[in-house]
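This is what each chain is made of:
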Amino acid sequence: MPTEPSTKPAAGRKAPTKYGAEFIFRSAATTAGGVIVAAIALIALFLLVRAVPSVLANKANFFTSSEFNTSNADNLRFGIKDLFMVTVLSAVMALVIAVPIGVGIALFLTQYAPKALARPFSTVVDLLAAVPSIVFGLWGVLVLAPKIEPLQRFLNEHLGWFFLFSDGNLSTYAGTIFTAGVVLAVMILPIITSVSREVFGLTPLSHIEAAQALGATKWEVVRMTVLPYGRSGVIAGSMLGLGRALGETIAVLVVLRTSAKAGGWSLFDGGYTFASKIASAASEFSSKLPTGAYIAAGFVLFALTFVVNALARLVAGGKVNG
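S.K.: Which residues make up the overall build of the protein, and what values do they have?
M.R.: Counting its secondary structure elements, the protein contains ten helices and two strands. When the elements of the protein are put in sequence order from the N terminus, they spell out α-β-β-α-α-α-α-α-α-α-α-α. Here the C-alpha radius of gyration of the protein, 26 Å, is well above what a compact globule of 322 residues would show, namely 20 Å. Referenced to the eigenvectors of the C-alpha coordinate spread, the extents of the protein come out at roughly 100 × 60 × 30 Å. For the protein, long-range pairs separated by at least 24 residues make up 76% of all intrachain contacts whose partners lie at least 6 apart in sequence. Accessible surface, the protein as shown: approximately 18,000 Å² in total, 68% of it carbon and sulfur. Within the protein, the 15 negative side-chain charges are centred at a point lying 9 Å from the centre of the 24 positive side-chain charges.

In structure tokens:
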């Protein structure tokens, strides 16, 4: 009668660990993910702990006041209304300008341009991401602002009935949210273009060939196969760009002019974003309560980025193609 082969290891040999490597890799990956989550949670906790005492000592409404006066620790009066307005308007305007241009560039590079042209052109676009923020700021205030001032005046004169183009709180058209939005659009363009280009380039060849077999033109192929496949990737790239625009500091601080008047949701207003306001007062962070006022503003910006990313995932269906 045949005997079954023994599964016991030979004397002096250790039994092989079938799942040893997989367990180690899974544990390392889980630990890495946990570190990121823990770091974010600790940052949020730090901001919250440092902000709460100042918010409780605040003599103005934190959400609806346009005043931000922290010179007297015994009479703190600060609110985020104007900071929120300037941050959202400049970032959204940048997104409105950059997304169509970035998607158009990505489609040109992946669907229309010959490879000999696409590669160097892609490199040039990507190099924009390496330009320091201060350079964009100086370009915006010294070169761009005087050039687009006639456009802003034209929009104000002919579309002033619409709140976005109504009279702002500045006496000039230089250093407005409009100018800052254009500068931010140029800054986030490489991010949106790069992500969109990669996703469009991953469109399955079988999808394209199927559309061509049905007699589709080049534009119809793009519209029926490339754009639907890359939709979630474009959204992801746009949200990365929006996150950059929301948190940009130096360029906005250089471009935007301050104003003593409250803003009215006009693109021709001046003021501070959350990031530029915090950066402008960083050298004065010596007293606990006044510093906490700026930390409270930072916590709102921190929460705003999470809301933006959550909405992006909801719109994209919770996934990114490719």
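S.K.: Before we move on, could you go through helix 3 (residues 115–127) and cite the residues and values that matter?
M.R.: Under the 1.5 Å per step criterion, the end-to-end length of helix 3 is 18 Å for 13 residues, consistent within 8% with the ideal 18 Å. Restricting attention to buried positions, one finds in helix 3 the residues Ala118, Ser122 and Val125. The buried residues of helix 3 occupy an angular sector of 65 degrees when the element is viewed end-on, so they sit on one face. When the buried face of helix 3 is taken as reference, the exposed residues oriented beyond 90 degrees from it are Ala116, Arg119, Val124 and Leu127. Tucked into the core, helix 3 has its buried residues touching helix 2 (81–112) and helix 5 (177–201).

S.K.: A description of the packing of aromatic side chains should follow, citing residues and the corresponding values.
M.R.: In this structure the tally under the stated criterion is 13 aromatic pairs. Judged by centre distance (6.1 Å) and plane angle (45 degrees), the rings of Phe162 and Phe165 are tilted. For Phe162, a relative accessible area of 31% gives the class partly exposed. Looking at Phe165, the relative accessible area reads 15%, which means it is buried. When the ring of Phe285 is compared with that of Tyr294, the centres are 5.3 Å apart and the planes differ by 45 degrees; the resulting orientation is tilted. A relative accessible area of 32% places Phe285 in the partly exposed class. Owing to a relative accessible area of 9%, Tyr294 belongs among the buried residues under this scheme.

S.K.: Outline the packing of helix 6 (residues 205–213) against helix 7 (residues 218–247), supporting the account with residue identities and numerical values.
M.R.: With their axes 9 Å apart at the nearest point, helix 6 and helix 7 run at an angle of 145 degrees to one another. Relative to helix 7, helix 6 is oriented so that their crossing is right-handed. From helix 6, His207, Ile208, Ala211 and Gln212 reach across to helix 7, where they touch Val221, Met224 and Thr225. Broken down by class, the residue content of the contact of helix 6 with helix 7 amounts to four nonpolar, three polar and no charged.

S.K.: Before we move on, can you summarise the environment of Leu304 with the specific residues and values?
M.R.: As for its position among the elements, Leu304 is in helix 10 (residues 288–316). Taking relative accessible area as the criterion, Leu304 reaches 16% and is therefore assigned buried. Considering only alpha carbons, one finds Leu304 and Leu246, 58 residues apart in sequence, at a separation of 8.7 Å.

S.K.: Explain the layout of surface pockets residue by residue, including any values.
M.R.: Rolled over the atoms, a probe as big as a water molecule pinpoints where empty space is left. Empty space within the largest pocket amounts to approximately 240 Å³. The wall of the largest pocket is formed by 16 residues, among which Ser66, Asp82, Ser259, Tyr272 and Lys277 lie closest to the centre. For the lining of the largest pocket, the residue count by class is five nonpolar, seven polar and four charged.

S.K.: Describe unusual backbone geometry, naming the residues involved and giving the relevant values.
M.R.: Its identity as a non-glycine residue notwithstanding, Trp265 has a phi of 60 degrees, on the positive side. Of note, Trp265 is situated in the loop between helix 8 (250–255) and helix 9 (274–280).

S.K.: Please provide a residue-by-residue account of the side chain of Ser122, values included.
M.R.: With respect to the secondary-structure elements, Ser122 resides in helix 3. Discounting chain neighbours no more than four positions away, the residues touching Ser122 are Leu109 and Arg197.

S.K.: Describe in detail a nonpolar patch on the surface, supporting the description with residues and values.
M.R.: Residues Ile134, Val135, Leu138, Trp139, Val141, Leu142, Val143, Ile250 and Leu253 make up a contiguous nonpolar surface patch of roughly 710 Å² in combined accessible area. With seven residues, helix 4 (residues 133–159) is the largest single contributor of residues to the nonpolar patch.

S.K.: Kindly report on helix 4, identifying the contributing residues and their values.
M.R.: The end-to-end C-alpha distance of helix 4, which contains 27 residues, comes to just 32 Å, noticeably less than the 39 Å that a straight helix rising 1.5 Å per residue would cover. By the largest-angle criterion, Leu144 marks the main kink of helix 4, which is about 50 degrees, and a proline, Pro146, follows within four residues. Residues of helix 4 that are buried: Phe136, Gly137, Gly140, Leu144, Ala145, Ile148, Gln152, Leu155 and Asn156. Among the structural elements, helix 5 and helix 8 are those in contact with the buried residues of helix 4.

Calculation rules
Residues numbered from 1 in each chain as written. Predicted model: local features only at pLDDT ≥ 70, side-chain atom pairs only at ≥ 80, totals over all residues. Heavy atoms only, no water. Helix = DSSP H or I, 4+ residues; strand = E, 2+ residues; numbered from the N terminus. Rg over C-alpha atoms; globule rule 2.2 N^0.38 Å. Contact = heavy atoms within 4.5 Å. Areas by Shrake-Rupley, 256 points an atom, 1.4 Å probe, with all protein chains shown as cover. Lys, Arg positive; Asp, Glu negative; His and termini not counted. Charge placed at Lys NZ, Arg CZ, Asp CG, Glu CD. Expected span 1.5 Å × (residues − 1). Buried < 20%, exposed > 50% of the residue type's maximum accessible area, 1.4 Å probe, protein only. Arc of directions from axis to C-beta. Phe/Tyr/Trp six-rings, centres within 6.5 Å; stacked < 30°, edge-to-face > 60°. Axes fitted to C-alpha atoms, helices over the stretch in contact; angles between N-to-C directions. Left-handed = near helix turned anticlockwise from the far one by under 90°. Nonpolar A, V, L, I, M, F, W, Y, C, P; charged D, E, K, R; others polar. 1 Å grid on protein atoms, 1.4 Å probe; cavity = no way out; pocket = protein on both sides within 12 Å on 5 of 7 lines; lining within 4 Å. Points joined across faces, edges and corners; volume = space filled by probe spheres on them. Patch = residues over 30% accessible without salt bridge, like charges linked within 9 Å, V, L, I, M, F, W, Y side chains within 5 Å. Salt bridge = Lys/Arg side-chain N within 4 Å of Asp/Glu carboxyl O. Bend = angle between axes of the 7 residues up to and from the residue.

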